[in-house]
Amino acid sequence: MEYLSLKQITAMHAEEISAAIQQVVDSGWYLQGQATRQFQDQYARYIGTHHCITCGNGLDALSLIFRAYRDLGVLQDGDEVIVPANTYIASILSITENNLVPVLVEPDISTMQIDDARIESAITPRTRAILLVHLYGRCAFTTRIENICRQHHLKLIEDNAQAHGCTFHSKRTGSLGDAAAHSFYPGKNLGALGDAGAVTTSDELLANTIRTLANYGSSRKYEFAYKGRNSRMDELQAAALSVKLRYLDADNARRKQIAQIFNTQISNPKTIVPKSPDRDNVYHIYPILCEERATLQAYLKENDVQTMIHYPIPPHQQQAYKEWNHLSFPITERIHRQELSLPCNQAMTDEDAQRIVRLLNAF
Ligand SMILES: *Cc1c(COP(=O)(O)O)cnc(C)c1O
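Residues numbered from 1 in each chain as written. Predicted model: local features only at pLDDT ≥ 70, side-chain atom pairs only at ≥ 80, totals over all residues. Heavy atoms only, no water.

Peer 1: Help me out: how do you make sense of helix H12 (residues 350-362) in this one?
Peer 2: Side chains three or four residues apart in an α-helix point the same way, a direct result of the helix having 3.6 residues per turn. Taking 1.5 Å of rise per residue, 13 residues should cover 18 Å, and H12 covers 18 Å from first to last C-alpha, within 8% of that figure. At its buried positions, H12 is contacted by helix H9 (248-265), strand S10 (271-272), strand S11 (286-290), helix H10 (293-302) and strand S12 (339-342). (Helix = DSSP H or I, 4+ residues; strand = E, 2+ residues; numbered from the N terminus. Expected span 1.5 Å × (residues − 1). Contact = heavy atoms within 4.5 Å.)

Here it is, written out as structure tokens:
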């Protein structure tokens, strides 16, 4: 069993995707046209924000948010941004790329999301924002975080790359803060057939600034208000994403069913399954912890089950951030040492999930 077969996932809606792509091919219009406008409208409505600005990828989406806040004078060089220490590197890159300072905060081991009890002690007079990552597809937002942002006048930016369709009460992640970044990398819950990303926000000034920045800093042809960049989603990706968006809720519901089999049936004391969520989870990744991870991964592989590790090395131990290599984040380090991701997606059958359960329980 492959960890994730994009071939199978695309095949589930191949006819509709092919027809949508063929329409773009025939139209002769490949950038910033009807398909992009339509996807932006649909996705903004889906997330529940006034605006959606599509761009080249998820890292660009994150980075454009910080860049826009800088150009608007909201953020300055050296301002601090609180971010979970166990996130994917892109979250951190978007901060340092903009001459801002990431302040790493440990996760709660039972949810693997930023520990909201540790946020206030990380706040200094330079703190301006929290980058909240809904890691593994699990909602990281809490009312405590909302209150901290209000009290300390912090911007709340969501990294929703792994959590399309996740909710907090009746609102979707991606609409809970001031702005949110989304990645449509092929393996995400809502995945394109290549690179693609988007920002969602209800802040009109921010939306206009981001749209301008992503278009060379220009909102009127050949006039440049900012030193911008080129970050665009193409029409082919927009057309494919509009088709896939229609199935996102059903796909997520199926992921939840697979995860529920794992949640209720994995009983090996050597493995720790994620604590049952008190908040929503769309299970982009199903992470278990195991002290004997390497042995377990090899055993599953021998039995034809491919697994992944998200992620083997935490950001503060990467060579790219040598200045942090002396720091210690024991909870983060434990996750990176013990985490193993089980296959969990809409192309799987109940039998696939049960076979994994039987293997795990026999380990
Ligand atoms: C995938 C991902 C990104 C980056 O998205 P790309 O489209 O690959 O640039 C950012 N943050 C998180 C948490 C991700 O998982």
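Peer 1: How should a nonpolar patch on the surface be read in this particular structure?
Peer 2: Taken together, Tyr 216, Tyr 222 and Phe 224 make up a surface patch of nonpolar side chains, about 410 Å² in accessible area. Assignment of secondary structure puts Tyr 222 in the loop between helix H7 (204-213) and helix H8 (235-245). (Patch = residues over 30% accessible without salt bridge, like charges linked within 9 Å, V, L, I, M, F, W, Y side chains within 5 Å. Areas by Shrake-Rupley, 256 points an atom, 1.4 Å probe, with all protein chains shown as cover. Salt bridge = Lys/Arg side-chain N within 4 Å of Asp/Glu carboxyl O.)

Peer 1: Would you explain unusual backbone geometry in this entry?
Peer 2: In most cases, non-glycine residues show a negative phi, while peptide bonds are predominantly trans. Omega for the peptide link from His 310 to Tyr 311 comes to 15°, which places this bond in the cis form. Positionally, Tyr 311 belongs in the loop between H10 and helix H11 (330-338). You will see that Met 112, though not glycine, has its phi angle at about 65°, which is positive. Considering the arrangement of structural elements, one finds Met 112 in the loop between strand S3 (101-105) and strand S4 (127-133). Phi angles above zero are rare outside glycine, and His 153 is one such case at about 55°. Within the secondary structure, His 153 is located in the loop between helix H6 (143-152) and strand S5 (155-159). For His 153, a relative accessible area of 70% corresponds to the exposed category. (Buried < 20%, exposed > 50% of the residue type's maximum accessible area, 1.4 Å probe, protein only.)

Peer 1: Help me understand the site of the ligand in this model?
Peer 2: For the ligand, the full set of nearby residues is Asn 57, Gly 58, Leu 59, Leu 62, Tyr 88, Ala 90, Val 133, Asp 159, Ala 161, Gln 162, Ser 183 and Lys 188. In this structure, Lys 188 approaches the ligand through a side-chain N or O atom, which is 2.6 Å from an oxygen atom. When isolated, the ligand has an accessible area of 380 Å², and the protein chains bury 90% of it. Judged by the fraction of its atoms near the pocket grid, the ligand is located in the largest pocket. Of the residues forming the shell around the ligand, the biggest block, three residues, is contributed by helix H4 (residues 58-71). (Near = heavy atom within 4 Å. Polar contact = N/O pair within 3.5 Å; in protein donor to acceptor, adjacent residues only side chain to side chain. 1 Å grid on protein atoms, 1.4 Å probe; cavity = no way out; pocket = protein on both sides within 12 Å on 5 of 7 lines; lining within 4 Å. Sits in = over half its atoms within 2 Å of the grid points.)

Peer 1: How should the pattern of salt bridges be read in this particular structure?
Peer 2: When their charged atoms lie close together, side chains carrying opposite charge are able to pair. Using the criterion set out here, one finds twelve salt bridges in the structure. Across the pair Asp 350 and Arg 254 runs a salt bridge, and its minimum N-O distance is 2.8 Å. Here Asp 350 is found in helix H12, whereas its partner Arg 254 is found in helix H9, with 96 residues between them in sequence. Exposure remark for Asp 350: the relative accessible area of 31% places this residue in the partly exposed category. Overlapping salt bridges bring together Asp 79, Arg 126 and Arg 128 as one network.

Peer 1: It is not clear to me how the nonpolar core should be interpreted in this structure. Could you clarify?
Peer 2: Side chains that are nonpolar tend, in soluble globular proteins, to be buried together. Residues Ile 65, Phe 66, Leu 131 and Ile 210 are the most contacted members of the largest nonpolar core, which totals 32 residues. Of all the elements in the fold, those that place two or more residues in this core are strand S1 (51-55), H4, strand S2 (80-84), helix H5 (89-96), S4, strand S8 (179-183) and H7. Residue contributions to this core peak at seven residues, all from H4. Non-local contacts of Ile 210, meaning those with residues more than four positions away in its chain, are made with Ile 53, Leu 64, Ile 65, Ala 68 and Val 199. Listed in part, the 24 residues of the second largest apolar core include Ile 266, Tyr 283, Leu 296 and Leu 359. (Core = buried A, V, L, I, M, F, W, Y, C linked by side-chain atoms within 4.5 Å.)

Peer 1: I would appreciate a short explanation of the sheet that holds S12 in the present structure.
Peer 2: The strands that make up a sheet pair up through hydrogen bonds in the backbone, lying either parallel or antiparallel. Strand order in the open sheet formed by three strands is S10-S11-S12, with antiparallel pairing between adjacent strands. Two strands bound the open sheet, and with one partner strand each, they are S10 and S12. Sheet strands in contact with H10 are S10, S11 and S12, and its direction is about 20° off that of S12. Packing against the sheet, H11 makes contact with S10, S11 and S12, and its axis sits at approximately 95° to S11. (Pairing = 2+ DSSP bridges. Axes fitted to C-alpha atoms, helices over the stretch in contact; angles between N-to-C directions.)

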